[in-house]
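# Close look at the chain arrangement
Residues per chain are reported as follows:
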Amino acid sequence: MITVDRGRYGCVREDDGDGTELITAMRARELGRKSVVVGDRVALVGDVSAAPGALARIVRIGERTSVLRRTADDDDTTPEGRLERVVVANADQLVIVSALADPPPRTGFIDRCLVAAYDADIEPLLCLTKADLAGPEQVLDYYAELDLRHVQVRPGSDLAELRERLAGRISVMVGHSGVGKSTLVNRLVPDALRAVGAVSAIGKGRHTSTSAVALRLPSIGKSRKDPGWIVDTPGIRSFGLAHVSAESLLHGFPDLVEGTLEDQPNCGHTVADNDCKLEAWVEEGRADRRRLDSYRRLLSSRAGELDPRDQQPDNGLSA
Ligand SMILES: Nc1nc2c(ncn2[C@@H]2O[C@H](COP(=O)(O)OP(=O)(O)OP(=O)(O)O)[C@@H](O)[C@H]2O)c(=O)[nH]1
């Protein structure tokens, strides 16, 4: 299932090479309350002809290999925090799109995405845009201790390395406003507008840009390799993490994990935990102070505390 708009689901057959035959479907009653999300593999019955006006029914949802979730808020004691949404099913890569300048990289956002990716067992890929405006050194330095794969893009650069990383996979693209995600999606899938146009036909007119849309990447040259899919997420501006336990938050910070091994089992790793071994770990230079600060910001945000961070970007990086 590649797109959803007001109760109408757009589906393509896995064996439809170009993914041009968009079958419109609705949920069958037997699905009960189970939600169908973009990326789901579904079984259809009824009119699967993809002809204008044809309507099929989704009768079954295939077992999901991964589930990328988010909440509107970080704090699970608020209604927004309890409202958990599955963003995409069956993705195997999360492409975190961040500009190197204008707007400056927000490592806090990237860290959040990393937590969501590791929690969902999806491999992250950092995609640094606007490489014509600034170099990647500061961001890469911040992530130096992580084995984080990354690519850089600039206007007119060939996207071969990125395409290589996207080939054969289902990749979700996330990024905050202005980082150049739409520009990139349009470069990767030059007829994305047409694809989204086809989507809007499902819901009689307007395309609601809040939900995710899966787009099949075009084959390049004579290669027979599956170029993969990207899932654009136009409406996602935040990645609330209320569904991730405080313990699992640490998975987004593999560079800190070793520093917690000697901690008391009940240590919360916050500033208030006086005996927290992470403090010494950082002082000994075994991890970057900024990484610990970022982890603690997420911990406090999850606990419903106000974000204490200074709004000033430091060293060109913004938390
Ligand atoms: N210098 C430079 N500008 C870029 C690059 N990519 C995109 N831009 C510009 O950055 C601005 C934002 O790009 P968009 O593609 O609209 O960004 P977006 O992430 O989709 O943001 P929203 O439209 O708010 O969702 C536009 O003016 C683009 O022309 C780049 O690699 N280098």
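Per an unreviewed UniProt entry, the chain is named Small ribosomal subunit biogenesis GTPase RsgA, and its organism is Actinoplanes regularis. Quoted verbatim from the Subcellular location (unreviewed entry) field of the UniProt record, the comment on the chain reads "Cytoplasm". Here the chain is described in UniProt, under the heading Subunit (unreviewed entry), as follows: "Monomer. Associates with 30S ribosomal subunit, binds 16S rRNA."

### Here's the deal with the packing of helix α2 (residues 107–120) against helix α10 (residues 289–302)
How two helices pack is summed up by the angle between their axes together with the distance between the axes. As a packed pair, α2 and α10 sit with axes 10 Å apart at the nearest point and diverge in direction by 70°. By the criterion of interaxial angle, the relationship of α2 to α10 is roughly perpendicular. The handedness of the crossing between α2 and α10 is right-handed. Here Asp111, Arg112 and Val115 of α2 lie close against α10, whose contacting residues are Arg291, Ser294, Leu298 and Ser301. The residue makeup of the contact of α2 with α10, split by class, is 2 nonpolar, 2 polar and 3 charged.

### Details of the nonpolar core
Within soluble globular proteins, side chains that are nonpolar tend to cluster in buried spots. One finds Leu68, Leu94, Ile96, Tyr143 and Tyr295 to be the most contacted residues of the largest nonpolar core, which totals 63 residues. The element contributing the most residues to this core is α2, with 8 residues. Filtering out sequence-adjacent residues up to four positions away, Leu68 remains in contact with Arg85, Val86, Val87, Val88, Leu94, Ala116, Ala120, Ile122, Val172 and Phe239.

### Concerning the pairing of strand β3 (residues 23–27)
With 3 bridges joining them, strand β2 (residues 8–11) and β3 adopt antiparallel strand pairing. Bridge pairing in β3 places Gly10 opposite Thr24. Pairing of β3 with strand β5 (residues 56–61) involves 3 bridges; the strand directions are parallel. Residue pairing across strands places Arg27 opposite Ile58, the latter belonging to β5.

### Remarks on the packing of aromatic side chains
Within a pair of aromatic rings, the relevant descriptors are the distance that separates the centres and the angle that separates the planes. Evaluated as defined, the whole model comprises 2 aromatic pairs. Aromatic side chains Tyr142 and Tyr143 sit 4.6 Å apart centroid to centroid with 85° between the ring planes, which places their arrangement in the edge-to-face category. Measuring from ring centre to ring centre gives 5.3 Å for Phe253 and Tyr295, while their planes differ by 50°; the resulting arrangement is tilted. Placement of the pair is Phe253 in the loop between α7 (246–249) and α8 (254–257) and Tyr295 in helix α10, with a sequence separation of 42 residues. Side by side, Phe253 and Tyr295 carry an identical accessibility label, which is buried.

### Regarding the site of the ligand
Taken together, 14 residues surround the ligand, and among them Ser177, Gly178, Lys181, Ser182 and Thr183 come closest. Between the ligand and Ser177, the relevant distance is 2.5 Å, taken from an oxygen atom to a side-chain nitrogen or oxygen of the residue. Between the ligand and Gly180 there is a distance of 2.9 Å, counted from an oxygen atom to a backbone nitrogen or oxygen. For the ligand, whose free accessible area comes to 640 Å², the fraction covered by protein is 63%. Tallied by class, the residues present in the shell around the ligand amount to 3 nonpolar, 6 polar and 5 charged.

About the cut-offs
- Residues numbered from 1 in each chain as written.
- Predicted model: local features only at pLDDT ≥ 70, side-chain atom pairs only at ≥ 80, totals over all residues.
- Heavy atoms only, no water.
- UniProt positions renumbered as here; feature names shortened; annotations may be inferred.
- Axes fitted to C-alpha atoms, helices over the stretch in contact; angles between N-to-C directions.
- Helix = DSSP H or I, 4+ residues; strand = E, 2+ residues; numbered from the N terminus.
- Parallel < 35°, antiparallel > 145°, perpendicular 65-115°, else oblique.
- Left-handed = near helix turned anticlockwise from the far one by under 90°.
- Contact = heavy atoms within 4.5 Å.
- Nonpolar A, V, L, I, M, F, W, Y, C, P; charged D, E, K, R; others polar.
- Core = buried A, V, L, I, M, F, W, Y, C linked by side-chain atoms within 4.5 Å.
- Buried < 20%, exposed > 50% of the residue type's maximum accessible area, 1.4 Å probe, protein only.
- Pairing = 2+ DSSP bridges.
- Phe/Tyr/Trp six-rings, centres within 6.5 Å; stacked < 30°, edge-to-face > 60°.
- Near = heavy atom within 4 Å.
- Polar contact = N/O pair within 3.5 Å; in protein donor to acceptor, adjacent residues only side chain to side chain.
- Areas by Shrake-Rupley, 256 points an atom, 1.4 Å probe, with all protein chains shown as cover.

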